[in-house]
Number of protein chains: 2
Amino acid sequence: MHAKTPTDDPFDIATQVTTIDGQTRGHTSDGYWAFVGPFGGVTAATLLRAVMQHPQREGDPLALTVNYCAPIAKGPFDIAVRLIKANRSSQHWSVELTQNGEVGAFATAVFALRRPTWSHQEKAMPQVTAFDAAKPYGRIAANWVGQYEFRFVDGGPQIGEEKDGTLASAHSKLWIRDAVPRKVDALSLASMSDAFFARVFHVRRELIPIGTVSMTVYFHADSDDLAAASTNYVLGTADASVFHKSYSDQTTELWSPGGKLLATSQQVTYFKA
Amino acid sequence: MHAKTPTDDPFDIATQVTTIDGQTRGHTSDGYWAFVGPFGGVTAATLLRAVMQHPQREGDPLALTVNYCAPIAKGPFDIAVRLIKANRSSQHWSVELTQNGEVGAFATAVFALRRPTWSHQEKAMPQVTAFDAAKPYGRIAANWVGQYEFRFVDGGPQIGEEKDGTLASAHSKLWIRDAVPRKVDALSLASMSDAFFARVFHVRRELIPIGTVSMTVYFHADSDDLAAASTNYVLGTADASVFHKSYSDQTTELWSPGGKLLATSQQVTYFKA
């Protein structure tokens, strides 16, 4: 059994992974429930945590792809972690979440020991209203939404605002923080990458049934970089390119308040419209 | 054994997958060799083809993530395809490429039966010089580069052009076509998503050792859409956000000449600098 630090933090509880007698398990969290299943970000973080806690794990997360293949029911689930290939400074992992033997989600992850090299941040952080000056938004009534504070600085949702059928932009910028403030780490970056409201809600100004099908997160900061950034909130940007035949894309960025790009993600989302 | 149509096309030969007595195999292609292994785009397309040819496959590729975990040696390789979960209109797959039992690359893929819905292309195709008016580029001497025609219209490589240590932009736009013209399909979109020169070559104006670690491709056009687009070349855009501690990202778009966004991708790339 791996040692765990007891915690009261709701995100750490929701993403808790325990290994007893070689069997790794997690449990859904009502506090992070979405409309028909767990919030996908917490599922991503739970699978990532299962790798992080594996005794053979070395280095920090570099890439994570999570495929959501079936609704996950409330209750416990099994997690199978497999080290597919270890190289000198990187590792390739696969992780499967099952309930009653049926796969609900699975992920692949790359971990790396990252050493200082030539470094160049091509992209600059957007200039926006500061966190403290931006107002929290709280009008979408899914449990998981209450676990975050969303402070839109551009492209806030206009749910229910009728505009003669015209479409709104898919682009948003907002500060994101855990409602119970928590130092940002790779686990919360994985979760926050899925914490943007579906782009189709923004564009159509309405809530419609949606679901993340697959999400990939790249981590541009290792644990040392995150310790140096030492923040409990990030600036998030989200956008989409196309909505077509039941699916749309979404691209996101998560920035430290100091201007470091911490993570980028893309996802493909199912929508019913 | 699955039926195959004999072909002279070099891309189809390079990505050929054969199943005999339940064992699926492929073979590297010297024509698509990169510096220390096969061109990653052809590996991606080969793994995707293995799913496409599987008797249980339904629908078209929606998402593909390929993890490159070890150098692949010249010669044959085994491919194991597994249907992880099938839903009413989508399927989740995993694919592993092994040589002598060691995993060289593995992928996950989502396939979907896509039906017409509300459709909205948020992003517009960049306005650029037409394919016929753009000049082919051919100054990087890896075998695989010769399999494509690259016609830069913006942000062409400046390899070896010394500019007092200043960095160039990571952004490029170029027309891409198979050197032996071939109708663009999901397989070639997967391959072309990895056919951009490493962003670090552009930014630093020099060739340095690099390797794709993980790539995710989203397909925004199904086979009907691709048949309607009916093109043998695409406009590609590529960019990067950050180069840090041995790794950089890359985001790409592939557009039909008629202005449809066919595929987007992101990848994380190792570099030695």
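Below you will find a few notes about this structure. All figures in this text were calculated on a predicted structure; none of them were measured in a lab. (Residues numbered from 1 in each chain as written. Chains lettered and ligands numbered in written order. Predicted model: local features only at pLDDT ≥ 70, side-chain atom pairs only at ≥ 80, totals over all residues. Heavy atoms only, no water.)

## What about the pairing of strand β3 (residues 60–68) of chain B?
Residues and elements named next belong to chain B.
1) Next: Among the nine residues that make up β3, nine are buried, leaving the element largely enclosed by the rest of the structure.
2) Next: Sheet analysis places β3 next to strand β6 (residues 102–112), joined by eight bridges and oriented antiparallel. Among the inter-strand pairings, Tyr68 is bridged to a residue of β6, identified as Ala105.
3) Next: Sheet topology note: the β3/strand β11 (residues 210–219) ladder contains five bridges and is antiparallel. Looking across to β11, one finds that Leu64 is bridged to Val217. (Buried < 20%, exposed > 50% of the residue type's maximum accessible area, 1.4 Å probe, protein only. Helix = DSSP H or I, 4+ residues; strand = E, 2+ residues; numbered from the N terminus. Pairing = 2+ DSSP bridges.)

## Topic: the pattern of salt bridges
1) Next: Across all of its chains, the model carries 30 salt bridges over all chains by this definition.
2) Next: The partner of Glu149 of chain A in a salt bridge is Arg151 of chain A, and the shortest N-O contact between them spans 2.7 Å. When sorted by exposure, Glu149 of chain A lands in the same class as Arg151 of chain A, which is buried.
3) Next: Notably, a salt bridge pairs Arg204 of chain B with Glu206 of chain B, separated by 2.8 Å at the nearest N-O pair.
4) Next: With a relative accessible area of 25%, Arg204 of chain B lands in the partly exposed category.
5) Next: Each of Asp9, Asp12, Arg49, Arg182 and Asp185 of chain A takes part in a single network of salt bridges with overlapping partners. (Salt bridge = Lys/Arg side-chain N within 4 Å of Asp/Glu carboxyl O.)

## Side note on the relation of the copies chain B and chain A
Turning one copy of the chain about an axis and sliding it along that axis gives the other copy, so a rotation and a shift relate them.
1) Next: In screw terms, the move from chain B to chain A is a rotation of 180 degrees and a rise of 0.0 Å along the axis, fitting with an RMSD of 0.0 Å. Overall, the copies show the geometry of a two-fold rotation axis.
2) Next: A high fraction, 100%, of the interface residues of chain B reappear at the interface in chain A, so the copies pair face to face through one surface. (Least-squares fit on C-alpha atoms with pLDDT ≥ 70 in both. Contact = heavy atoms within 4.5 Å.)

## Regarding the packing of aromatic side chains
1) Next: Enumeration over the complete set of coordinates arrives at 36 aromatic pairs over all chains.
2) Next: Consider the rings of Trp118 of chain A and Phe243 of chain B, whose centres lie 5.4 Å apart with planes at 45 degrees: the pair is tilted. A residue pair is termed interchain when its members come from two chains, as with Trp118 of chain A in the loop between β6 (102–112) and β7 (120–121) and Phe243 of chain B in strand β13 (residues 242–244).
3) Next: Residue classification places Phe243 of chain B among the buried positions, given a relative accessible area of 0%.
4) Next: Put simply, the rings of Phe39, Tyr137, Trp144, Tyr148, Phe150, Phe152 and Phe197 of chain A pair up and form one aromatic cluster.
5) Next: Across the ring face of Phe131 of chain A, the terminal group of Arg151 of chain A is positioned such that the distance to the ring centre comes to 4.1 Å. (Phe/Tyr/Trp six-rings, centres within 6.5 Å; stacked < 30°, edge-to-face > 60°. Lys NZ or Arg CZ within 6 Å of the ring centre and 35° of its normal.)

## Quick notes on the side chain of Arg114 of chain B
1) Next: Summarising the element assignment, Arg114 of chain B is placed in the loop between β6 and β7 (120–121).
2) Next: No salt bridge is formed by the buried Arg114 of chain B; the nearest opposite charge belongs to Asp222 of chain B, separated by 5.2 Å.
3) Next: Here Lys245 of chain A takes part through its backbone oxygen, which lies 3.4 Å from a polar atom of the side chain of Arg114 of chain B.
4) Next: Ignoring sequence-local partners within four residues, the contact set of Arg114 of chain B consists of His244, Lys245 and Tyr247 of chain A together with Leu62, Phe219, His220, Ala221 and Asp222 of chain B. (Lys, Arg positive; Asp, Glu negative; His and termini not counted. Polar contact = N/O pair within 3.5 Å; in protein donor to acceptor, adjacent residues only side chain to side chain.)

## A closer look at the interface of chain B and chain A
1) Next: The interface is formed by 67 residues belonging to chain B together with 67 residues belonging to chain A.
2) Next: Between chain B and chain A the total buried area reaches about 5500 Å² when both faces are included, carbon and sulfur atoms providing 55% of it.
3) Next: The three residues of chain B that bury the most area against chain A are Trp118, Tyr218 and Lys245 of chain B, which together make up 15% of that side's buried surface.
4) Next: Joining chain B to chain A, the criterion identifies eight salt bridges.
5) Next: The partner of Glu96 of chain B in a salt bridge is Arg82 of chain A, and the shortest N-O contact between them spans 2.7 Å. (Buried area = accessible area lost by both parts, 1.4 Å probe.)

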